[in-house]
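This is what each chain is made of:
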Protein chains: 2
Amino acid sequence: MKIKVIVTLKNGVLDPQGKAIQQTLNGMGFESIKEVRQGKYFDIEVNENEETKAKSKVEDMCKKLLANLVIEDFKII
Amino acid sequence: MKIKVIVTLKNGVLDPQGKAIQQTLNGMGFESIKEVRQGKYFDIEVNENEETKAKSKVEDMCKKLLANLVIEDFKII
């Protein structure tokens, strides 16, 4: 089954990439944009039929590889 | 209000980054992972109280800057 994960920077961690996107958008005429923060998204195909098992496997993967828990949070959706 | 956007590669477009993640996960013992595809995630703070207006603004931004519609799809969530 397919599991989707979003990895985002924790609040308070600087996001220069998001800032650059925000400034570009402002420059393009989208002046109402106050903040942009960029994160990562993963679509993971797990060979496992039980949803809870697949999700716990993906959680393990996030902790070990996909997210840097010092500065990032992850959310399985 | 905060609008979230996911930008993913279209089906059929090669994703070497996702492939590398999949192979690394397989090598770490997660052998049940069949495919990983990576995308981008944006958290956008729009200075607009009406949800439909904010979303239509973000859709416009996706088409003009955030997504390359030749190879990518976007989803506002």
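Peer 1: Explain the interface of chain A and chain B residue by residue, including any values.
Peer 2: Contact residues are listed per partner, giving 29 residues for chain A and 29 residues for chain B. Of the roughly 2,800 Å² buried where chain A meets chain B, counting both sides, 72% is carbon and sulfur surface. Viewed at the interface, chain B and chain A are joined by zero salt bridges. In this assembly, chain A and chain B are joined by 12 residue pairs in polar contact (both at pLDDT 80 or more). Within the residue set of the side of chain A that touches chain B, elements represented by two or more residues are strand S1 (2-9), helix H1 (16-27), strand S2 (33-46) and helix H2 (51-66) of chain A. Examining the composition of the side of chain A that touches chain B, we find that 14 residues originate from one element, S2 of chain A, more than from any other.

Peer 1: Which residues make up the pairing of S1 of chain A, and what are the values?
Peer 2: Consecutive residues of a regular strand have side chains that alternate between opposite faces of the sheet. Residue and element names in this part refer to chain A. Relative to S2, S1 runs antiparallel, the two being bridged by six bridges. Counterpart to Val-5 in the pairing with S2 is Phe-42. Relative to strand S3 (residues 72-76), S1 is paired through five bridges, and the arrangement is antiparallel. Within S3, the residue paired with Val-7 across the bridge is Phe-74.

Peer 1: I'd like a rundown of the sheet that holds strand S1 (residues 2-9) of chain B, residues and numbers included.
Peer 2: On the basis of which strands lie adjacent, the open sheet formed by six strands has the order S3(A)-S1(A)-S2(A)-S2(B)-S1(B)-S3(B) and antiparallel pairing. The open sheet is flanked by S3 of chain A together with strand S3 (72-76) of chain B, the only strands paired with a single partner. Ignoring strand direction, the axes of neighbouring strands in this sheet form an average angle of 25 degrees. Here H2 of chain A sits on the sheet and contacts S1, S2 and S3 of chain A together with strand S2 (33-46) of chain B; the angle it forms with S2 of chain A, its principal contact strand, is near 120 degrees. Packed onto the sheet, helix H2 (residues 51-66) of chain B meets S2 of chain A together with S1, S2 and S3 of chain B and runs at close to 120 degrees relative to S2 of chain B.

What counts as what
Residues numbered from 1 in each chain as written. Chains lettered and ligands numbered in written order. Predicted model: local features only at pLDDT ≥ 70, side-chain atom pairs only at ≥ 80, totals over all residues. Heavy atoms only, no water. Contact = heavy atoms within 4.5 Å. Buried area = accessible area lost by both parts, 1.4 Å probe. Salt bridge = Lys/Arg side-chain N within 4 Å of Asp/Glu carboxyl O. Polar contact = N/O pair within 3.5 Å; in protein donor to acceptor, adjacent residues only side chain to side chain. Helix = DSSP H or I, 4+ residues; strand = E, 2+ residues; numbered from the N terminus. Pairing = 2+ DSSP bridges. Axes fitted to C-alpha atoms, helices over the stretch in contact; angles between N-to-C directions.

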